[in-house]
Amino acid sequence: MFLDLRDQWPPVPPPNPLPDAGKPKLDKRAERIVGLIVMINLGLLLLAPIAGSTVIQAITSLFATLHR
């Protein structure tokens, strides 16, 4: 079998650059809201019966290992 890896003919024109549609940065109020949501989620992680006990057990075993 023969695989032709040469450039296409006629040459393909370069694609037109897309306009920059970057997302606007968050203002201070939005940053505080996102931070509050993250803190609530971390708090719920520690309060959840299964995940919370696993995280607490991991932290206590880490400190127990470090203090030997």
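Notes on the structure follow.

Conventions we followed
- Chains are numbered independently. Their residues run from 1 in the order of the written sequence.
- Selection of residues for local features in this predicted model requires a pLDDT of at least 70, selection of side-chain atom pairs for listing and counting requires 80 or more, and totals for whole chains, interfaces and linings are taken over all residues.
- The side-chain quantities take in all heavy atoms of the structure and omit both hydrogens and water.
- Secondary structure elements follow DSSP: runs of H or I of four or more residues count as helices, runs of E of two or more count as strands, with numbering from the N terminus.
- For the exposure calls, accessible area comes from a 1.4 Å probe over protein chains only, and a residue counts as buried if that area is under 20% of its type's maximum, exposed if over 50%, partly exposed in between.
- Areas reported here follow the Shrake-Rupley algorithm with a probe of radius 1.4 Å; residue values treat only the protein chains shown as occluding.
- What counts as an axis is a line fitted to C-alpha atoms, over the stretch in contact for a helix, and the angles between N-to-C directions run from 0 to 180 degrees.
- Throughout, the term roughly parallel applies to angles under 35 degrees, roughly antiparallel to angles over 145, roughly perpendicular to angles from 65 to 115, and oblique to all others.
- Should any heavy atoms of two residues lie within 4.5 Å, those residues are considered in contact.
- Nonpolar residues are Ala, Val, Leu, Ile, Met, Phe, Trp, Tyr, Cys and Pro. Charged residues are Asp, Glu, Lys and Arg, and all others, Gly as well, are polar.
- A patch consists of residues whose relative accessible area exceeds 30% and which take part in no salt bridge; residues with like charges are grouped when within 9 Å of each other, and nonpolar side chains (Val, Leu, Ile, Met, Phe, Trp, Tyr) when within 5 Å.
- Throughout this description, the term salt bridge denotes a Lys or Arg side-chain nitrogen within 4 Å of a carboxyl oxygen of Asp or Glu.

### Re the overall build of the protein
Here's step 1: When helices and strands are counted, the protein shows 2 helices and 0 strands.
Here's step 2: Counting only residues that meet the buried cut, the protein has 3% of its 68 residues in that class.
Here's step 3: In the form shown here, the protein has an accessible surface area of approximately 7,300 Å², with 69% of it arising from carbon and sulfur atoms.

### Considerations on the packing of helix α1 (residues 28–47) against helix α2 (residues 49–66)
Here's step 1: Following both chains from N to C, one finds α1 and α2 inclined at 85°, their axes separated by 5 Å at the closest point. Judged by the inter-axis angle, α1 sits roughly perpendicular to α2. Contacts between α1 and α2 involve L45, L46 and L47 on the former and, on the latter, P49, A51, G52 and V55.
Here's step 2: Considering only residue class, the contact of α1 with α2 consists of 6 nonpolar, 1 polar and no charged.

### Some words on a nonpolar patch on the surface
Here's step 1: Together, L26, V34, V38, M39, L42 and L45 give the surface a local cluster of nonpolar side chains, amounting to about 540 Å² of exposed area.
Here's step 2: Within the element layout of this structure, L45 appears in helix α1.
Here's step 3: Assessed through its relative accessible area of 37%, L45 is described here as partly exposed.

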